[in-house]
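Each chain, letter by letter, is given below.
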Amino acid sequence: MADNSFSDGVPSDSLEAAKNASNTEKLTDQVMQNPQVLAALQERLDNVSHTPSSYIETLPKAVKRRINALKQLQVKCAHIEAKFYEEVHDLERKYAALYQPLFDKRREFITGDVEPTDAESEWHSENEEEDKLAGDMKNKAVIAEKEAAAAEEPNPKGIPEFWFTIFRNVDMLSELVQEYDEPILKHLQDIKVKFSDPGQPMSFVLEFHFEPNDYFTNSVLTKTYKMKSEPDKADPFSFEGPEIVDCDGCTIDWKKGKNVTVKTIKKKQKHKGRGTVRTITKQVPNDSFFNFFSPLRASGDGESLDEDSEFTLASDFEIGHFFRERIVPRAVLYFTGEAIEDDDNFEEGEEGEEEELEGDEEAEDDDDAEINPKV
């Protein structure tokens, strides 16, 4: 039998390799002659060569040394900024004491403990014509009231369901409220913000004040948000001001059978040996706004939270910040809906600007296409 492993003294494997190399070279030549492929490769090279990190790598060591010195200065700036925010927190505490008498009077008007005077209840509308028409109507109404005193409209105490109405108006809060939470929230009389004392770690407390009710014995439910105002040692350049890092709730003393944060389910169990079936009752967690007072704890033992837990915690922090910065200071405007309209208008303006920018980008692209048409 003839040996086919050699041909004219050349190993067949070498011939095959040479043939493959020739084919690869031809294919490469064909690809490199394609202008679209060349353009894509050039674009990729341009992107790589123009990234900030790649540019820094090309700099001389002496320049890199000076850049490191700038970074040290930046870290020092971050620490000064942290001190600035600590003083801002002190100012917030100072002015919170000035706001509080006004908020106390607000509560008295809401609960009906105090009736505002005519001067306190006077409010001028932006539309003068409507004011004049309202004045004329008021005069007629006074006459009509005297003529039909028996048909006087009801005069409820204070402003009924004030805070509950705010919960319904604000999407961020209404999403948390279940139907069985509503009768409880109708007993909410006030929400206060308390700042940490001087010299104490930065924090604030939300206080929810309730009138006596059939659901729990607490008169006040609290939520404490702990804050940090210092650059992270591992990533000091990420510092952008104080951030909420953890929160604590409180124990709600529910009256018997009134705890809306749990529900009772019945479950059947079958005995493996005897085959008998028994029914047991079990309490399981239930969706409720009042779970707000039993928050997840931020992990402090080095263990990371799962993605769902991190999202829940971030949402909790956002809600706490919204109560502190928006709801409590501007409660009447969230009750009437005026603050919500302002928020919506601001968001629409942002979207409009974005759309306008996108249009400009498209126009620039069109200009480029005219100057440098693609082959």
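Conventions and cut-offs
- Residues numbered from 1 in each chain as written.
- Predicted model: local features only at pLDDT ≥ 70, side-chain atom pairs only at ≥ 80, totals over all residues.
- Heavy atoms only, no water.
- Pairing = 2+ DSSP bridges.
- Helix = DSSP H or I, 4+ residues; strand = E, 2+ residues; numbered from the N terminus.
- Contact = heavy atoms within 4.5 Å.
- Expected span 1.5 Å × (residues − 1).
- Buried < 20%, exposed > 50% of the residue type's maximum accessible area, 1.4 Å probe, protein only.
- Salt bridge = Lys/Arg side-chain N within 4 Å of Asp/Glu carboxyl O.
- Phe/Tyr/Trp six-rings, centres within 6.5 Å; stacked < 30°, edge-to-face > 60°.
- Lys NZ or Arg CZ within 6 Å of the ring centre and 35° of its normal.
- Patch = residues over 30% accessible without salt bridge, like charges linked within 9 Å, V, L, I, M, F, W, Y side chains within 5 Å.
- Areas by Shrake-Rupley, 256 points an atom, 1.4 Å probe, with all protein chains shown as cover.
- Lys, Arg positive; Asp, Glu negative; His and termini not counted.
- Charge placed at Lys NZ, Arg CZ, Asp CG, Glu CD.
- Core = buried A, V, L, I, M, F, W, Y, C linked by side-chain atoms within 4.5 Å.
- Axes fitted to C-alpha atoms, helices over the stretch in contact; angles between N-to-C directions.

Remark: a regular strand shows side chains that alternate across the two faces of the sheet. In this structure, strand β7 (residues 262–270) lies alongside strand β8 (residues 277–285), joined through nine bridges in antiparallel fashion. When the bridges of β8 are listed, Lys 267 appears paired with Ile 280. The hairpin formed by β7 and β8 contains six residues between the paired strands, and Gly 275 there has a positive phi angle of roughly 80°.

Inspection of the secondary structure assignment puts Leu 173 in helix α7 (residues 171–174). Counting along the chain gives 149 residues from Leu 173 to Phe 322, while the straight-line C-alpha distance between them is 9.8 Å. Setting aside chain neighbours within four positions, we find Leu 173 in contact with Phe 167, Ile 319, Phe 323 and Ile 327.

Here helix α9 (residues 307–327) contains 21 residues, and its C-alpha end-to-end distance of 28 Å stays within 8% of the 30 Å for a straight helix at 1.5 Å per residue. Looking only at α9, the buried set comprises Ser 309, Leu 313, Asp 316, Phe 317, Ile 319, Gly 320, Phe 322, Phe 323, Arg 324 and Ile 327.

Turning our eyes to something else, we now look at the pattern of salt bridges. Across all of its chains, the model carries 13 salt bridges by this definition. Taking the shortest distance from any N to any O, the salt bridge between Lys 105 and Glu 120 comes out at 3.3 Å. Of this pair, Lys 105 sits in helix α4 (residues 61–111) while Glu 120 is found in the loop between α4 and α5 (128–147), placing the two residues 15 residues apart along the sequence. Judged by its relative accessible area of 38%, Lys 105 is partly exposed. The class for Glu 120 is partly exposed, based on a relative accessible area of 39%.

Right, let's talk about the packing of aromatic side chains for a bit. Applying the stated criterion across every chain, the model contains 24 aromatic pairs. Seen from their ring centres, Phe 208 and Phe 293 are 5.2 Å apart, and the 90° between their planes marks the pair as edge-to-face. You can see Phe 208 sitting in strand β4 (residues 203–210) and its partner Phe 293 sitting in the loop between β8 and α9, a full 85 residues away along the chain. The exposure classification of Phe 208 matches that of Phe 293, with both residues buried. Chaining the aromatic ring pairs together yields one cluster made of Phe 167, Phe 208, Phe 210, Phe 216, Trp 254, Phe 289, Phe 290, Phe 292, Phe 293 and Phe 323. The cationic tip of Lys 258 hangs over the ring face of Tyr 215; the distance from NZ or CZ to the ring centre is 5.5 Å. Cation over ring: Arg 324 sits above Phe 204, and NZ or CZ is 4.9 Å from the ring centre.

Glancing now at a negative patch on the surface. Taken together, the side chains of Asp 306, Glu 307, Asp 308 and Glu 310 define an acidic patch exposed on the protein surface. Locating Asp 308 in the fold gives a position in helix α9.

Let us look at a nonpolar patch on the surface. Together, Leu 91, Tyr 95, Leu 98, Tyr 99 and Leu 102 give the surface a local cluster of nonpolar side chains, amounting to about 540 Å² of exposed area. Within the element layout of this structure, Tyr 99 appears in helix α4.

With that settled, consider the nonpolar core. Core analysis: the biggest nonpolar cluster contains 48 residues, and Phe 167, Phe 208, Phe 290 and Phe 323 have the highest contact counts within it. Per element, the largest residue contribution to this core is six residues, and it comes from α9. The contacts of Phe 290, once residues within four sequence positions are left out, are Asp 181, Ile 184, Leu 185, Phe 210, Phe 216, Leu 221, Ile 252, Trp 254, Val 260 and Thr 261.

Pairing in this open sheet of four strands is antiparallel, and the strands run β3-β4-β5-β6 from one edge to the other. Strand pairing shows two members of the sheet lacking a second neighbour, β3 (188–195) and β6 (243–248), which therefore form its edges. Each adjacent strand pair in this sheet contributes to an overall mean axis angle of 20°, direction not counted. The sheet contact formed by strand β5 (residues 220–228) and β6 spans five bridges and is antiparallel. In the strand pairing of β6, Tyr 225 is matched with Cys 247. Where α4 meets the sheet, it contacts β3 and β4, and its direction lies at approximately 170° from that of β3.

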